[in-house]
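Close look at the chain arrangement
Here's the letter readout for the chains.
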Amino acid sequence: MLTIVSIIFGALIGSFLNVCIIRLPKEESIITPGSHCPHCKKAIKFYDNVPLISYLLLGGKCRYCKNTISFQYPLVEGITALSSLFLFMRFGPSLSYLVYFAFVTALIVITVIDLYHQIIPDVISIPGVGVGLLASLIFPHIAFLDSLIGVLLGGGSLFLVATLYQWFFKREGMGGGDVKLLAMIGAFLGWKAVILTILLSSLIGSITGIIIMVLKGKDFKYAIPFGPFLSLGAVITLFFGENIIRWYLYVNR
Ligand SMILES: [Zn+2]
């Protein structure tokens, strides 16, 4: 029963995340006005705003102007619902579930905004560092010192990489947004997770980059943002980090 509630709760939050994804980069209010169709500007009725279900019932089209509704909406709602479910199965009805769910929803918003605009909004990452540090104080899973070192290591290491890159290549390779994002990841997951997140995101990012180069040719101009890979690396670390570290130590005995 509670499992189903966690899915519905996740889908509802996902619906709100879609609003944040569209409005935060435009610096619009995330509260008012209510949801409206981006094409015909008509307000969306509550019965057309049910996460996932309305999209299916409307066949992915606006009820009034019949323009296509972006697939982003059901995708973000679905991913958020699944994140809520998996975290609930892992942590049960607990403070840990709420803290980690808040963390993952922040990563979802950051990922989609970074894919669209190549920016990571400070209004998420900077308060995220504070919330992560605060959570470690009241939280059984991670010590405050672990969280604090995570912030310094996460922010510091990427800051160093970004500075060196700029110094060598005379152009910006990694934005300040990535630095603040990794500091937030460190605040929530601790310093060991920062190292694993950097390794995983670099690995997945390199593989993706090679695949895109093979498929699209070397002239492909779209700069791939790094935020989505950091976010993915952090989520993998959150769920499987301990197993990966144990496996690594076992193999390298
Ligand atoms: Zn419309």
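Section: the overall build of the protein
The helix and strand tally for the protein stands at nine helices and zero strands. In terms of overall size, the protein behaves like a compact globule, its C-alpha atoms giving a radius of gyration of 19 Å where 253 residues would be expected to give roughly 18 Å. Once the C-alpha set of the protein is aligned to its principal axes, its extents read approximately 60 × 50 × 35 Å. Taking all 253 residues of the protein together, 40% fall into the buried category.

What to know about the pattern of salt bridges
Counting across every chain of the model gives two salt bridges. For Arg 63, the salt bridge is made with Asp 48, and the minimal N-O distance between the two is 2.6 Å. Taken together, the residues span a long stretch of sequence, with Arg 63 in the loop between α2 (53-57) and α3 (72-91) and Asp 48 in the loop between α1 (2-23) and α2 at a distance of 15 residues. The exposure class assigned to Arg 63 is partly exposed, which follows from its relative accessible area of 38%.

As for the packing of helix α8 (residues 191-216) against helix α9 (residues 227-251)
Viewed as axis vectors pointing N to C, α8 and α9 meet at an angle of 125 degrees, and their least axial separation amounts to 8 Å. The angle between α8 and α9 places the two elements in the oblique class. As for how α8 packs across α9, the hand of that crossing is right-handed. Between α8 and α9, the contacting residues are Ala 193, Leu 196, Thr 197, Leu 200, Ser 201, Ile 204, Gly 205 and Thr 208 on the first element and Phe 229, Leu 230, Leu 232, Gly 233, Ala 234, Ile 236, Thr 237, Gly 241, Ile 244 and Ile 245 on the second. In terms of residue class, the contact of α8 with α9 is made up of 11 nonpolar, seven polar and no charged.

Here we look at α3
With 20 residues, α3 extends 28 Å between its outermost C-alpha atoms, agreeing within 8% with the 28 Å of an ideal straight helix rising 1.5 Å per residue. Just beyond α3, the residue with positive phi is Gly 92, at close to 70 degrees.

Side note on the packing of aromatic side chains
Tallied over the entire structure, the rule returns nine aromatic pairs. Note on Phe 9 and Phe 101: the rings are 5.6 Å apart at their centroids and 45 degrees apart in plane angle, and the pair reads as tilted. Of this pair, Phe 9 sits in helix α1 while Phe 101 sits in helix α4 (residues 95-117), and the two are 92 residues apart along the sequence. For Phe 9, a relative accessible area of 34% puts it in the partly exposed group. Note on Phe 101: relative accessible area 4%, which makes it buried. Among the aromatic residues, ring-to-ring pairing joins Phe 9, Phe 88, Tyr 97 and Phe 101 into one connected group.

Examining the side chain of Ser 201
The topology assignment puts Ser 201 in helix α8. Look at Ser 201 and you get buried, because its relative accessible area is 0%.

Things to note about the confidence of the model for the protein
Taken as a whole, the protein shows an average pLDDT of 90; of its residues, 97% reach a score of 70 or greater. Per-element mean pLDDT across the protein ranges from 87 in helix α6 (residues 144-169) up to 96 in α3.

Cut-offs applied
Residues numbered from 1 in each chain as written. Predicted model: local features only at pLDDT ≥ 70, side-chain atom pairs only at ≥ 80, totals over all residues. Heavy atoms only, no water. Helix = DSSP H or I, 4+ residues; strand = E, 2+ residues; numbered from the N terminus. Rg over C-alpha atoms; globule rule 2.2 N^0.38 Å. Buried < 20%, exposed > 50% of the residue type's maximum accessible area, 1.4 Å probe, protein only. Salt bridge = Lys/Arg side-chain N within 4 Å of Asp/Glu carboxyl O. Axes fitted to C-alpha atoms, helices over the stretch in contact; angles between N-to-C directions. Parallel < 35°, antiparallel > 145°, perpendicular 65-115°, else oblique. Left-handed = near helix turned anticlockwise from the far one by under 90°. Contact = heavy atoms within 4.5 Å. Nonpolar A, V, L, I, M, F, W, Y, C, P; charged D, E, K, R; others polar. Expected span 1.5 Å × (residues − 1). Phe/Tyr/Trp six-rings, centres within 6.5 Å; stacked < 30°, edge-to-face > 60°. pLDDT = per-residue confidence, 0-100.

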